[in-house]
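What the coordinates show
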Amino acid sequence: MKSTFDKKQNEATFRVALDNEEWNAEIENAYNRTKNRYKVPGFRPGKAPRRFIEMHYGAGVFFDAAVDMCINRVYREELNKHPELEVFGQPEVSFEKAEEGEAFAFTFTVTLYPEVKLGDYKGIKLPKIEYNVTDEDVDVRIKADLSQAARTVSADRAAVSGDIAVIDYVGTVDGVEFEGGKAENYELKLGSNTFIPGFEDGLIGAVKGEERDVKVKFPEEYHAENLKGKDAVFHVKVNDVMYEEIPELTDEFVKERGRYETVEEYKADVRSGIEKSFAARERNERVDAVMKAVTDNAECEVPEKIVAAEVERLYAEFEHQMSHYGIKPEDYLKYNNSSPAQFREERKEPAARNVKMRQVMKAIIDAEKLEVTEEEIKQKLRDPSVRAELEHAVHHNGGSVEEYAYNDLLTDKFFDFLLANNEFTLEKEDKAGEEKSNEEKPAAKKTTTKKPAAKKAQAEDKSKAE
């Protein structure tokens, strides 16, 4: 068998040719692998000689099977000769005109993941990203906790903004009721802007048992065509007026929550929780920033075929998200004056960037020889919660917990490496200061510094990081 190999940028082409003896061996192999499929009078299934099957079904009966088996085998063998190639997707196969001494010839072309020329990925100075917990942050969280623990009680007074009005209502336009304009015992928080403008204001001052008409005008951009810009009247009966009674922060209150003995202990735990949340946010945003910087510094041309596949992955992800809400993606896009075609077009640039980021990540891992040991994998899987999470991923996506653990550990090591080898020390200049600084520089010597902006840089296909 003769084979040639040609590589150009992000594509590799193999030409393979077999002589008569080699091609006959492929036909014989196809016969041995598929003879059980054919029934020939006088022979038990699988026992008929090749020539009898060919006589009964035609001389080319084994041709298609021989072609498929030959191409699959040769494809694997040829790629094994070139382990340096990182192949994307399936090959494109075409049949060639056999030359002298050849019985069968074909070519297969594969798309290659793009090669990366790394730029600076260490020693980069980036704007500061840090989040420090303040007393105000703690107070806001505590107020939210107290609000969640609030209970509603009837107010023996007229309704004010912030109260909850329990109402029956019927809406009419030109004296005719309209669909969706009627409800009973609806709990409406006044001032929440849940209803169309004017409705909630029209209930301020109402008391329990009162009935009143509230006149409103539907917005011009209202979702229901038949109601856009229309004047409407809602007849409202107020069944109750309630308000939220927020508890006081006392030792008794925190004890009832079952985890604390004193208010100070509770406050300390709230602060600790916020600190952990801020630390995670700070790390994520630093990873975003440094990943954007190292990706911008690298050179990598992503083939259109890979970009198209990434766009489809993004659409499938969007489709999956919509399914959780029982919404068809095309309906959601139509509601937002878009379409699947427009969605795909708008995702081409971020899709290309996703692929580039993953390739940059892999190139840095290879350059720095970052590795994960078997012991590290075992240690990670000793945590029952981690193992359960990874088993859930395996159940939905296949693979093994060891593979997921490996990829998680390698990704964390990679991010740790970037954060340890780059600096977040630059002070962010305000616009006025930046303009003043530029004015002081001679025009001929002006320079511009590309500042990385925060953007999610998670590796969507972590297996490519190996």
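Nothing here was measured: the structure is a model prediction, and the numbers come from that model.

Taken as a whole, this structure holds 31 aromatic pairs when the rule is applied. Between Y260 and Y266, the ring centres sit 5.4 Å apart and the planes meet at 70 degrees, which makes this aromatic pair edge-to-face. Per residue, the accessibility class of Y260 equals that of Y266, and both read buried. Connected via pairs of aromatic rings, a cluster forms that spans Y169, F178, Y186, F195, F199, F218, Y222 and F234.

What follows covers the packing of helix α10 (residues 348-368) against helix α13 (residues 401-420). Two elements in contact, α10 and α13, have axes whose closest approach is 11 Å; the angle formed by their N-to-C orientations is 80 degrees. Classified by the angle their axes make, α10 and α13 are roughly perpendicular. Here M361, I364, I365 and E368 of α10 come into contact with α13, specifically with L410, T411, F414, F417 and L418. Within the contact of α10 with α13, the residues separate by chemical class into 7 nonpolar, 1 polar and 1 charged.

With that settled, consider helix α7 (residues 304-323). Given a rise of 1.5 Å per residue, 20 residues ought to cover 28 Å, and the 28 Å separating the end C-alpha atoms of α7 matches this to within 8%. Those residues of α7 that sit buried are I306, V307, E310, V311, L314, Y315, F318 and M322. Looking at the buried residues of α7, the elements they touch are β3 (87-95), β4 (104-112), α8 (329-335), α9 (340-346) and α10.

This part takes up the sheet that holds β4. Spatially, 4 strands are ordered β1-β2-β4-β3 in an open sheet, and the strand pairing comes out antiparallel. With one partner strand each, in any of the chains shown, β1 (2-8) and β3 form the two edges of the open sheet. Taken over all neighbouring pairs, the strand axes of this sheet differ in orientation by 20 degrees on average, direction set aside. Looking at chain direction, β3 and β4 are connected through 6 bridges and run antiparallel. Its bridge partner lying in β4, E92 is registered against T109. Along the sheet, helix α1 (residues 20-34) makes contact with β2 (11-18) and β4, crossing β2 at roughly 95 degrees. Lying over the sheet, helix α3 (residues 63-80) contacts β1, β2, β3 and β4, oriented at roughly 50 degrees with respect to β4.

Moving on, we come to a nonpolar patch on the surface. Taken together, the side chains of Y325, I327 and Y332 present a nonpolar region at the surface, about 330 Å² in accessible area. Looking at the element boundaries, Y325 is found in the loop between α7 and α8.

Okay, the confidence of the model for the protein next. Residues with a pLDDT of 70 or more make up 92% of the protein, whose mean pLDDT is 89. This stretch, residues 430-466, has a pLDDT under 50; its non-local contacts, to residues over four places away or in other chains, come to 41 contacts.

The next subject is the pattern of salt bridges. Taken as a whole and assessed by the stated rule, the structure comprises 37 salt bridges. A salt bridge links R73 to E77; its shortest N-O distance comes to 3.2 Å. Of the two residues, R73 and E77 both sit in helix α3, 4 residues apart, roughly one turn of that helix. What makes R73 partly exposed here is its relative accessible area of 26%. Since its relative accessible area comes to 33%, E77 is described here as partly exposed. R157 is the salt-bridge partner of D163, the closest N and O atoms lying 2.6 Å from each other. Here the salt bridges share partners, and the residues they tie into one network are K2, R15, E99 and E102.

What counts and what doesn't
- Residues numbered from 1 in each chain as written.
- Predicted model: local features only at pLDDT ≥ 70, side-chain atom pairs only at ≥ 80, totals over all residues.
- Heavy atoms only, no water.
- Phe/Tyr/Trp six-rings, centres within 6.5 Å; stacked < 30°, edge-to-face > 60°.
- Buried < 20%, exposed > 50% of the residue type's maximum accessible area, 1.4 Å probe, protein only.
- Axes fitted to C-alpha atoms, helices over the stretch in contact; angles between N-to-C directions.
- Helix = DSSP H or I, 4+ residues; strand = E, 2+ residues; numbered from the N terminus.
- Parallel < 35°, antiparallel > 145°, perpendicular 65-115°, else oblique.
- Contact = heavy atoms within 4.5 Å.
- Nonpolar A, V, L, I, M, F, W, Y, C, P; charged D, E, K, R; others polar.
- Expected span 1.5 Å × (residues − 1).
- Pairing = 2+ DSSP bridges.
- Patch = residues over 30% accessible without salt bridge, like charges linked within 9 Å, V, L, I, M, F, W, Y side chains within 5 Å.
- Areas by Shrake-Rupley, 256 points an atom, 1.4 Å probe, with all protein chains shown as cover.
- Salt bridge = Lys/Arg side-chain N within 4 Å of Asp/Glu carboxyl O.
- pLDDT = per-residue confidence, 0-100.

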